[in-house]
Amino acid sequence: MSKKAIIILSICLSVVAVILILFWTLFALSSVSVKFHTTTKNLTLTEEEIVDAGDFSYGACVFFDGKTKYINRLNDKVKDNENFAYLEVVNIETIFPNRYVIHVAEREEVYAYQNGEEVYILDDDLRVLRKENGDYLSTKSNAIELKNLSILNPEVKVGDFLNVEQVGLLNMYNAFLANNRTLEEQKGFIKEIEFGESHVDVTNRDYISAKIVTHSGREFVVNNIDFALVNKIQLMFALDSTLFNQINEEGYLVDSEGNIVYDKVLNENGEIVTDENGEPLKGEVWTYERLQNSYVVIDNFILNDYQETSVTDIFYNLVDKQVNKF
């Protein structure tokens, strides 16, 4: 090997050595801190407890040290300490050259579900934040009560995420947020959500439905919560603020043009019956008293493989509770 080649090789090795020294000294993880992004009410963990639970590899190069494993450790710590159930790791930020900041928030209590003699307090991700006794709902809870959930978990522990058949529930909280309803406004409006099914005879398909009962006693049944949920919730709020105020002096429900609202007459095939002029026949009139004893069904046009249905293709019907039950 020539003298020139030896010099070039030596220079290259020196550069590599300097780079490695920089990586393992200048960029070696030296400290970890915690930044809280929400006020804490139920989250009683200290910064030290959170950092210790991450079991960080001090001295490792921040460029090559994967942070996913630390997030997983923090999420799994609830198995040893139930206080970690309220901890939500937003992300772990790298502060160059050699520091980590754990961004955390407190998980909020959104729902309550009674399963046997236990009540699960859940956040919007359906994580079980804690368990309470069966009488908790009638005494202390201000969370939205869920009914008729189908839980698929073989067993449920604090910190677990519920696996349910009604997966559309995971979008419910965000659908309300998209309609500018904060968590406190949601709790102030909704008393309970009960799940069921709706069947479409034309396509012979079943869809998940949710009956939303407000604190004022009004009931809205949202069919097929997996389709156009944001739009359906928007329609529900519009109806809640206008429908029950559209009553004339005689106590009859009227439409936006002031016309009295009647039931449509349907034949045995569910088709609207019309007179000789093509006008729908009028059934029973809608009075305020009858309206108070009815619920509103919000649905979408039929979904099939032959026509496209938009998220705006939704409608509502008034249903008499004495005739049909959810």
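Residues numbered from 1 in each chain as written. Predicted model: local features only at pLDDT ≥ 70, side-chain atom pairs only at ≥ 80, totals over all residues. Heavy atoms only, no water.

### Thoughts on the overall build of the protein
- Helix and strand counts for the protein stand at seven helices and 14 strands.
- Within the span of the protein, comprising 326 residues, buried residues form 39% of the whole.
- With the model as given, the accessible surface of the protein reaches about 18,900 Å², and the carbon-plus-sulfur share is 48%. (Helix = DSSP H or I, 4+ residues; strand = E, 2+ residues; numbered from the N terminus. Buried < 20%, exposed > 50% of the residue type's maximum accessible area, 1.4 Å probe, protein only. Areas by Shrake-Rupley, 256 points an atom, 1.4 Å probe, with all protein chains shown as cover.)

### A short note on the nonpolar core
- One finds Tyr111 and Ile193 to be the most contacted residues of the largest nonpolar core, which totals 48 residues.
- When residues in this core are grouped by element, the largest group, six residues, is from helix 6 (residues 229-242).
- For Ile193, the contacting residues outside a window of four places in its chain are Tyr111, Ile144, Glu145, Leu146, Lys147, Met172, Ala210, Lys211 and Ile212.
- Counting residues in each nonpolar core, the second largest holds 26 residues, with Val34, Ile50, Tyr86 and Val158 among its members. (Core = buried A, V, L, I, M, F, W, Y, C linked by side-chain atoms within 4.5 Å. Contact = heavy atoms within 4.5 Å.)

### Considerations on the sheet that holds strand 2 (residues 87-95)
- The sheet built from three strands is open, its strands ordered 1-3-2 with mixed pairing. The two strands at the open ends of the sheet, each matched to only one other strand, are strand 1 (31-36) and strand 2. For this sheet, the mean angle separating the axes of adjacent strands, direction not counted, is 25°.
- As paired elements, strand 1 and strand 3 (residues 99-106) share six bridges and run parallel to each other. The residue of strand 3 that forms the bridge with Val34 is Ile102.
- Sheet contacts for helix 2 (residues 47-54): strand 1, strand 2 and strand 3; angle to strand 1, the most-contacted strand, approximately 125°.
- Helix 3 (residues 68-76) rests against strand 2 and strand 3 of the sheet, and its axis sits at about 155° to strand 2. (Pairing = 2+ DSSP bridges. Axes fitted to C-alpha atoms, helices over the stretch in contact; angles between N-to-C directions.)

### A few points about the packing of helix 4 (residues 169-178) against helix 6
- In the contact formed by helix 4 and helix 6, the axes pass within 9 Å of each other and the chain directions differ by 55°. In terms of orientation, helix 4 lies oblique with respect to helix 6. Regarding helix 4 and helix 6, the two cross each other, and that crossing is right-handed. Between helix 4 and helix 6, the contacting residues are Asn171, Met172, Ala175, Phe176 and Ala178 on the first element and Leu229, Val230, Ile233, Met236 and Phe237 on the second.
- Its residues assigned to classes, the contact of helix 4 with helix 6 shows nine nonpolar, one polar and no charged. (Parallel < 35°, antiparallel > 145°, perpendicular 65-115°, else oblique. Left-handed = near helix turned anticlockwise from the far one by under 90°. Nonpolar A, V, L, I, M, F, W, Y, C, P; charged D, E, K, R; others polar.)

### Quick notes on helix 4
- Among all positions in helix 4, only Leu169, Met172, Tyr173, Ala175 and Phe176 are buried. For helix 4, the arc enclosing every buried residue in end-on projection is 160°, short of the 170-degree limit, so these residues lie on one face.
- Those residues of helix 4 hidden inside the fold are in contact with strand 4 (111-115), strand 7 (144-147), helix 5 (183-189), strand 8 (190-200), strand 9 (205-214) and helix 6.
- Among the residues trailing helix 4, Asn180 stands out with phi positive, at a value near 60°. (Arc of directions from axis to C-beta.)

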